[in-house]
Amino acid sequence: MTAAIPRAKVRPADRIFSGSTLIAGVLILVALAAVALFLIVQSIPALVADPAELEGSPTSFWAYVAPLAFGTVWAAAIALLIAFPLSIGIALFISHYAPRRIAQGLGYVIDLLAAVPSVVFGLWGIKVLAPFLTPFYDWLVTNFGWFPLFAPPVSGTGRTVLTVAIVLAVMIIPIITALSREIFLQTPRLHEEAALALGATRLEMIQMAVLPFGRAGIVSAAMLGLGRALGETMVVAMVLSPAVVISFVLTSSTNPSTIAGNIALKFPDAYGVGVNALIATGLILFIITLVINSIARFVVNRRKAFSGAN
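Residues numbered from 1 in each chain as written. Predicted model: local features only at pLDDT ≥ 70, side-chain atom pairs only at ≥ 80, totals over all residues. Heavy atoms only, no water.

## As for the nonpolar core
Let me state the cut-off plainly: Residues grouped as a nonpolar core are buried Ala, Val, Leu, Ile, Met, Phe, Trp, Tyr and Cys residues, joined through side-chain atoms within 4.5 Å. Type-normalised accessible area, obtained with a 1.4 Å probe on protein chains alone, sets the label of each residue: buried when under 20%, exposed when over 50%, and partly exposed for intermediate values. Runs of H or I in DSSP of at least four residues are treated as helices and runs of E of at least two as strands, each being numbered from the N terminus. In this description, contact between two residues means that some pair of their heavy atoms is separated by no more than 4.5 Å.
Core analysis: the biggest nonpolar cluster contains 54 residues, and Leu168, Met223, Leu226, Leu230, Val235 and Leu250 have the highest contact counts within it. Those elements that provide at least two residues to this core are helix 2 (61-97), helix 4 (118-144), helix 5 (161-185), helix 7 (202-231), helix 8 (234-239), helix 9 (259-266) and helix 10 (273-302). Per-element accounting of this core gives the leading share, 13 residues, to helix 2. Once you skip the residues sitting within four places of it in the chain, Leu230 turns out to touch Thr72, Val73, Ala76, Ala260, Leu285, Ile288, Thr289 and Ile292.

## Points about the packing of helix 2 against helix 3 (residues 100-114)
In plain terms, the rule: Note on definitions: angles span 0 to 180 degrees between N-to-C directions of axes, and those axes are lines fitted to C-alpha atoms, for helices only across the stretch in contact. Helix crossings get a hand from a simple test, with the near helix turned counterclockwise from the far one by less than a right angle marking a left-handed crossing and a clockwise turn marking a right-handed one. Polar here means any residue other than Ala, Val, Leu, Ile, Met, Phe, Trp, Tyr, Cys and Pro, which are nonpolar, and Asp, Glu, Lys and Arg, which are charged; Gly is therefore polar.
Between helix 2 and helix 3, the least distance of the axes is 8 Å, while the angle of their chain directions is 145 degrees. Crossing handedness for the pair helix 2 and helix 3: left-handed. Mapping the contact onto sequence places Ile90, Phe93 and Ile94 in helix 2 and Ile102, Ala103, Leu106, Gly107 and Ile110 in helix 3. The class makeup of the residues in the contact of helix 2 with helix 3 is 7 nonpolar, 1 polar and no charged.

## Looking at the packing of aromatic side chains
Quick note on the threshold: Pairs were defined over the aromatic rings of Phe, Tyr and Trp, the Trp ring being its six-membered one, requiring ring centres within 6.5 Å. Orientation was assigned from the angle between planes: stacked under 30 degrees, edge-to-face over 60, tilted for the rest. Counted as over-ring charges are cases with an Arg CZ or a Lys NZ within 6 Å of the ring centre that also lie within 35 degrees of the ring normal.
Taken as a whole, this structure holds 11 aromatic pairs when the rule is applied. Relative to Phe150, the ring of Phe147 lies with its centre 5.9 Å away and its plane at 40 degrees, an arrangement referred to as tilted. For Phe147, a relative accessible area of 34% puts it in the partly exposed group. Here a set of aromatic residues connected by ring pairs shows up, and it is made of Phe136, Tyr137, Trp139, Phe144, Trp146, Phe147 and Phe150. For the cation-ring pair, Arg202 lies above Tyr97, with the distance from its terminal atom to the ring centre recorded as 5.3 Å.

It is worth stressing that arrangement in space is one thing and function is another; only the former is reported here.
Okay, here's the thing in structure tokens:
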């Protein structure tokens, strides 16, 4: 007859820690559900209201929100397109090319850039970047006006969706760079040394060992930066010259606004159904962010074998 194996004694500290983590996880879900419920309840009056009560008297609520949703995704996508390659390049330089002292100093600068308030970026965008880019926009429209993205007329102030996208790109570069840098530094040393031992150059080693290992982390970093760009408010409200249009032109003075920027500009003067309409656009932004994060999670889960956690 075999002796029963005694159970391990659970210490009070373990119970407290386990319970606190469970409570923290539940609170996150409760907060998310509460935000979603608030947005849905407050959006219903705008969804069922007469379109004539909405700003601009659109044919329907969806006609009102469509240009805002387009502008939100369009500006954030351009910002990510600019920031992503720069961020990956900076992260690789810090982790695999730069000497230790330079890498540490550059890492501190990148982290410090992430702490700059968005209102400072907005002031920089409207006072420095927009006037600086105005001659460049003139040149683009003059020489490449036949291309739909640079169709005339050109903006005389530089307050275009492209300027906003550049400012947003500068804002999300520190986020993507910091996360990618940490992922690249977690690449197993043996993988790198094995690639080099087989005769690979440093670039080939990065292509064969570093990037495949960090692919899931890179996607997560990009989606986190995209989420920041989608929800940015102050920069869009300060820099962009908005209009209720759907336009792909990057250098025009008639630019599609974003949901967050429109809420910031219109909410102080809104009343009645107008407030509900703005909250309803916030619900659309909530759904867009949720869908993008779900897609990112799906991509990351497909690459679990290469994640830094394994």
